[in-house]
Amino acid sequence: MYEEAGKIASKARNLGYSLLKEGILYREVVEVIEDFVKNSGARLAFPVNISVNECAAHDTSGEGDERCFEKGDLVKLDIGVHLDGYIADTAVTKEIGSRRYVEMIRANEEALRKALKVARPGVQVREIGKVVEEVASKYGFNVIKNLTGHSISRYELHAGLGIPNYDNKDKSTLEEGMVVAIEPFFTDGVGYVIEKGEPKIFRVVKKGRVGRELLKKLEEEYHGLPFSKFWVKDPKLSLLCREGALKAYPPLVEKSGGMVSQFEHTLIVGGKVTTK
């Protein structure tokens, strides 16, 4: 199932990449990808992330959002697809109409390729991070140290094991059959992200005393996976957040305002890369 989800995620990523052009609305790309995944018989494992320039992750779009891509934008497109809870997660970066960040993109892709080769059964996760940071340093970039890759299990996008983008001394090892997303982020900034802006992505984390009917619906619909505010137009969302029943995910922005690139593939350890 992971491999089938990976095939759909790869096609969705490639389709979305082809749409990233000057003057195109963010929401148009999101809507096309959402329709493609649905028509492929799968579901999104999280809202399509379209994070631009210094924004590294957790931005999305939908009805009423009139933002469009501009020349010089550095766009991260991050897509998760699942089939019955079996998730594939993949991301790509594209520069719109200019070539200022060609070297960052190439270096980031190189880091992902080398990290995937290192990711074998018995390898400590610190070794993967070491390889990623070595490539970044070689080209004069920093990794984002507080964003990581992650293990994946059924209906769990982040299943407990972090895959660092530098040698963080973590001696945890990859095991045969484990599913992991390798996810290097590069930047010309200081290499640290902070939360900034209005959250558009949420996830159910516990029971609540208010909005119980809505909360039950969200649990049944998304099984604990993240969802977009554009999918659930209900004023009770804010109440559920205040009560702590929902976790909000504001956009993550590079602390110094540096530009950010990202590439990601999902790997079955000891097996194949599912999202190439």
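Above: the structure in question.
This report concerns the structure included in the present document. Because the structure is predicted, anything quoted here is derived from the model rather than measured.

**Some details on a nonpolar patch on the surface**
And then number 1: On the surface, a cluster of nonpolar side chains totalling about 270 Å² of accessible area is made up of Val190, Tyr192 and Ile194.
And then number 2: Among the structural elements, Tyr192 can be located in the loop between strand E9 (185-187) and strand E10 (193-195).

**A look at helix H5 (residues 212-222)**
And then number 1: Listed as buried for H5 are Leu214, Leu215, Leu218 and Tyr222. Within H5, the buried residues cover an arc of 100° as seen down the axis, which keeps them to one side. Exposed and oriented more than 90 degrees from the buried face of H5 are Arg212, Glu213, Lys216, Lys217 and Glu220.
And then number 2: In this fold, the buried residues of H5 make contact with strand E1 (43-52), strand E11 (201-204), strand E12 (227-228), helix H6 (236-243) and strand E13 (246-249).
And then number 3: Two residues or fewer past H5, His223 is found with a positive phi of approximately 50°.

**A closer look at the pattern of salt bridges**
When their charged atoms lie close together, side chains carrying opposite charge are able to pair.
And then number 1: Applying the stated rule across the entire model yields 13 salt bridges.
And then number 2: Across the salt bridge formed by Lys7 and Glu4, the nearest N and O atoms sit 3.3 Å from each other. Placement of the pair is Lys7 and Glu4 together in helix H1 (residues 2-19), with a separation of three residues, close to one helical turn.
And then number 3: According to the relative accessible area criterion, Glu4 is partly exposed, its value standing at 41%.
And then number 4: Across the pair Arg126 and Asp167 runs a salt bridge, and its minimum N-O distance is 3.0 Å. With Arg126 in helix H4 (residues 125-138) and Asp167 in the loop between strand E7 (162-163) and strand E8 (179-182), this pair connects stretches of sequence that are 41 residues apart.
And then number 5: If you follow the salt bridges from partner to partner, you end up with Asp59, Asp65, Arg67 and Lys200 in one network.

**With respect to the sheet that holds E12**
And then number 1: One open sheet holds the three strands; their spatial order is E12-E11-E13, and the pairing between them is antiparallel. Here the strands that pair on one side only, and so sit at the sheet edges, are E12 and E13.
And then number 2: Across four bridges, the pairing between E11 and E13 is antiparallel. Across the sheet, the residue bridging to Ile201 is Tyr249, located in E13.
And then number 3: Set on the sheet, H5 makes contact with E11, E12 and E13; between it and E11 the angle comes to about 95°.

**Examining the packing of H1 against helix H2 (residues 26-39)**
And then number 1: Taken N-terminus to C-terminus, the directions of H1 and H2 make an angle of 155°; their axes are 10 Å apart at the nearest point. Looking at the two axes, H1 sits roughly antiparallel to H2. In this structure, H1 meets H2 at a crossing whose hand is right-handed. Along the contact surface, H1 presents Ile8, Lys11, Ala12, Leu15, Gly16 and Leu19, while H2 presents Val29, Val32, Ile33, Phe36 and Val37.

**Observations concerning the pairing of E8**
And then number 1: Burial of the side chains of E8 extends over both faces: Val179 and Ala181 are buried on one face and Val180 and Ile182 on the other.
And then number 2: Relative to E8, strand E6 (residues 149-152) is paired through three bridges, and the arrangement is antiparallel. By the bridge assignment for E8, Ile152 is matched with Val179.
And then number 3: Pairing geometry for E8 and strand E16 (residues 265-268), over four bridges, is antiparallel.

**Points about unusual backbone geometry**
And then number 1: Not every positive phi belongs to a glycine, and His58 is a case in point at roughly 70°.
And then number 2: Within the secondary structure layout, His58 lies in the loop between strand E2 (55-57) and strand E3 (74-83).
And then number 3: Its relative accessible area of 24% is what places His58 among the partly exposed residues.

**Here we look at the layout of surface pockets**
Rolled over the atoms, a probe sized like a water molecule indicates the empty space that remains.
And then number 1: One number sums up the size of the largest pocket: a volume of about 600 Å³.
And then number 2: Considering the residues around the largest pocket, the lining is formed by 29 residues, among which His58, Leu157, His158, Pro226 and Tyr249 are closest to the centre.
And then number 3: Counting only elements with at least two residues in the lining of the largest pocket, the list comes to E1, E10, E11 and E13.
And then number 4: Ranked by residue count, the leading element in the lining of the largest pocket is E1, at three residues.
And then number 5: Broken down by class, the residue content of the lining of the largest pocket amounts to 14 nonpolar, eight polar and seven charged.

**A look at the side chain of Arg27**
And then number 1: Among the structural elements, Arg27 can be located in helix H2.
And then number 2: For Arg27, the side chain forms a polar contact with the side chain of Glu66, separated by 3.1 Å.

**Re the side chain of Ser261**
And then number 1: Among the structural elements, Ser261 can be located in strand E15 (residues 260-262).
And then number 2: A residue is classified by how much of its surface remains accessible, and Ser261, at 0% relative accessible area, is buried.
And then number 3: Polar contacts involving the side chain of Ser261 include one to the side chain of Asn108, which spans 2.7 Å.
And then number 4: Apart from residues no more than four positions distant in its own chain, Ser261 is found in contact with Leu74, Lys76, Thr93, Met104, Asn108, Pro184, Phe185 and Phe186.

Definitions and limits used
- Per-chain numbering applies: the sequence of each chain, read as written, is numbered from 1 onward.
- Reporting in this predicted model follows two pLDDT cut-offs: at least 70 for local features of residues, and 80 or more for side-chain atom pairs to be given and counted; totals over whole chains, interfaces and linings ignore these cut-offs and use all residues.
- As a rule here, side-chain values cover all heavy atoms of the structure and leave hydrogens and water aside.
- Here, patches come from residues exposed beyond 30% relative accessible area and free of salt bridges, joined within 9 Å for like charges and within 5 Å for nonpolar side chains (Val, Leu, Ile, Met, Phe, Trp, Tyr).
- Surface accessibility follows the Shrake-Rupley procedure with a 1.4 Å probe radius. Residue values consider only the protein chains on display as shielding.
- Any Lys or Arg side-chain nitrogen found within 4 Å of a carboxyl oxygen on Asp or Glu counts as a salt bridge.
- Under the scheme used here, helices are H or I runs from DSSP no shorter than 4 residues and strands are E runs no shorter than 2 residues, and both carry numbers assigned from the N terminus.
- The cut-offs for exposure are 20% and 50% of the maximum accessible area for each residue type, with area from a 1.4 Å probe on protein chains only; residues under the lower value are buried, those over the upper are exposed, and the others partly exposed.
- Here the arc refers to the set of directions running from the helix axis out to each C-beta atom.
- Whether two residues are in contact is decided by their heavy atoms, any of which lying within 4.5 Å being enough.
- Should DSSP find at least two bridges between two strands, the strands are taken to pair.
- For helices, the fitted axis covers only the stretch in contact; all axes are lines through C-alpha atoms, and the angles between them, taken along N-to-C directions, range from 0 to 180 degrees.
- The cut-offs work like this: below 35 degrees is roughly parallel, past 145 is roughly antiparallel, 65 to 115 is roughly perpendicular, and the gaps in between are oblique.
- Crossings are classed by handedness, with left-handed meaning an anticlockwise turn of the near helix from the far one by less than a right angle and right-handed meaning a clockwise turn.
- Method remark: on a 1 Å grid restricted to protein atoms, a set of points is classed as a cavity if a 1.4 Å probe fits but cannot get out and as a pocket if it is open with protein on both sides within 12 Å along at least five of seven lines; lining residues have an atom within 4 Å of a point.
- Grid points are joined across faces, edges and corners, and a volume is the space filled by probe spheres set on the points.
- Side-chain classes are defined by residue name, with Ala, Val, Leu, Ile, Met, Phe, Trp, Tyr, Cys and Pro counting as nonpolar, Asp, Glu, Lys and Arg as charged, and the others, Gly among them, as polar.
- Whenever a nitrogen or oxygen atom comes within 3.5 Å of another N or O atom, the pair is scored as a polar contact, on the condition that within protein one atom can donate a hydrogen and the other can accept it, and that pairs from neighbouring residues in sequence are kept only if both atoms are in side chains.

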